[in-house]
Amino acid sequence: YSLMNKDSEFKKDDYLPSVFKMCETDGKLYKIPTSFMIYGMAGAKSVIGDRTGWTMDEFDSVVKSLPKDMEMMSMDSGMTQSNLLSYILYGNMNNLINYKTSEVSFDSDAFRQLMEFAKTYGSDDDAVSDDNGEWVDPMELARNGEVALVNAYIYGASSYNEMTTVFGEPISVVGYPSANAGGPLCALTNSFSISSESANVDACWTFIKSLLTADAQKSDDMYSYEIPVLKSAFEAQIKTAMNPPKDGNNTYYSSYTDDGMLPAMTEETAQAYRDLVGSLDSIMIMDNEVNSIIMEEVPAYFNDQKSAQDVSALIQ
């Protein structure tokens, strides 16, 4: 922030405030992203409610309220038990690890609930589909009203529009269940820092700033498959989704419409997308060392060889 403040050419207000806020540490900005994506789950508001997150108890309550012919999630979604647990942990690491004191809380009911969730809704790590080798797309199941939730990977206005089109009504994009009912995760596709020992801090800032210009933020690569942090580039994505090109740009193709093309994004959907980005408050945290310890022990629980209590104690 100090470099931004002394640079008369740079205007912090031109950028998405929620994304910079997430990257702060004690009010200071030590890393800056140039683009991001959103990870979580999506479902129709009429089914899962108007929410951004939920506790495990709230999740279970929604499961019990579903119509009898609808499942919460597809077991054949390609998300194994171990993979699902890894994704859940991306948004729960700060609840389970105090990085300042180096204390962990894996021998806890909160973590055991996450293990149980992954065991219930993930597919067997070792199982091979016996459905004639045919994979059933969870998005098609959602389109047909057979499942309430799908995994959501949102990389721009068009992908959010497609998700809304699949459900045929306004959606909630939510985080995986957690003790603090955390929302969907912001995955930084690119981020940069400047070493405190650098002898060329100003030159470093000039380089980083070049990646935040309108030309860089509206480049073809980012324009189609990442969410830019510059407000004008972010709004340009929305404008294009509301007025999709007629030249067959593959961003606007869809496997989930009768004619194979995404409909134009409505103003209502566009505003819901803006609200989603503005509400983001959690960065995806990947702690590979901790995750490797968990993944070494947790299969014994998934395969009913050890109890949840024994496995969580080992991980602790």
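Residues numbered from 1 in each chain as written. Predicted model: local features only at pLDDT ≥ 70, side-chain atom pairs only at ≥ 80, totals over all residues. Heavy atoms only, no water.

Trainee: Hey, could you run me through the environment of Asn 291 in this one?
Mentor: Along the polypeptide, Asn 291 turns up in helix α15 (residues 288–297). Once the C-alpha coordinates of Asn 291 and Ile 315 are considered, the two residues, 24 residues apart in sequence, prove to be 9.9 Å apart. With residues near it in sequence (within four places) discarded, Asn 291 still touches Ser 86 and Leu 89. (Helix = DSSP H or I, 4+ residues; strand = E, 2+ residues; numbered from the N terminus. Contact = heavy atoms within 4.5 Å.)

Trainee: Got a minute to help me understand the environment of Leu 3 in this structure?
Mentor: For Leu 3, the location among the structural elements is in helix α1 (residues 2–5). When its relative accessible area of 17% is taken as the criterion, Leu 3 is described as buried. For the pair Leu 3 and Gly 49, spaced 46 residues apart in the sequence, the C-alpha separation amounts to 42 Å. Each residue touching Leu 3, except ones within four places of it in the same chain, is listed here: Ile 194, Val 201, Asp 202 and Trp 205. (Buried < 20%, exposed > 50% of the residue type's maximum accessible area, 1.4 Å probe, protein only.)

Trainee: I keep staring at the packing of aromatic side chains and nothing clicks. Help me out?
Mentor: The geometry of an aromatic ring pair is captured by the separation of the ring centres together with the interplanar angle, meaning the angle of the planes. This structure, assessed with the given rule, holds 17 aromatic pairs. With 5.0 Å between their ring centres and 75° between their planes, Phe 59 and Phe 117 make a pair best called edge-to-face. Of the two residues, Phe 59 is situated in helix α4 (residues 56–65) and Phe 117 in helix α7 (residues 109–121); the sequence distance between them amounts to 58 residues. Taking the relative accessible area as the measure of exposure, Phe 59 reaches 0% and is therefore buried. For the pair Phe 234 and Tyr 273, a centre-to-centre distance of 5.3 Å together with 25° between the ring planes defines the contact as stacked. With Phe 234 in helix α13 (residues 231–242) and Tyr 273 in helix α14 (residues 267–279), this pair connects stretches of sequence that are 39 residues apart. Here the aromatic residues Phe 10, Tyr 15, Phe 20 and Trp 205 are joined through ring pairs into a cluster of three or more. One residue, Lys 119, lies across the ring of Tyr 301, its end atom 4.5 Å from the ring centre. (Phe/Tyr/Trp six-rings, centres within 6.5 Å; stacked < 30°, edge-to-face > 60°. Lys NZ or Arg CZ within 6 Å of the ring centre and 35° of its normal.)

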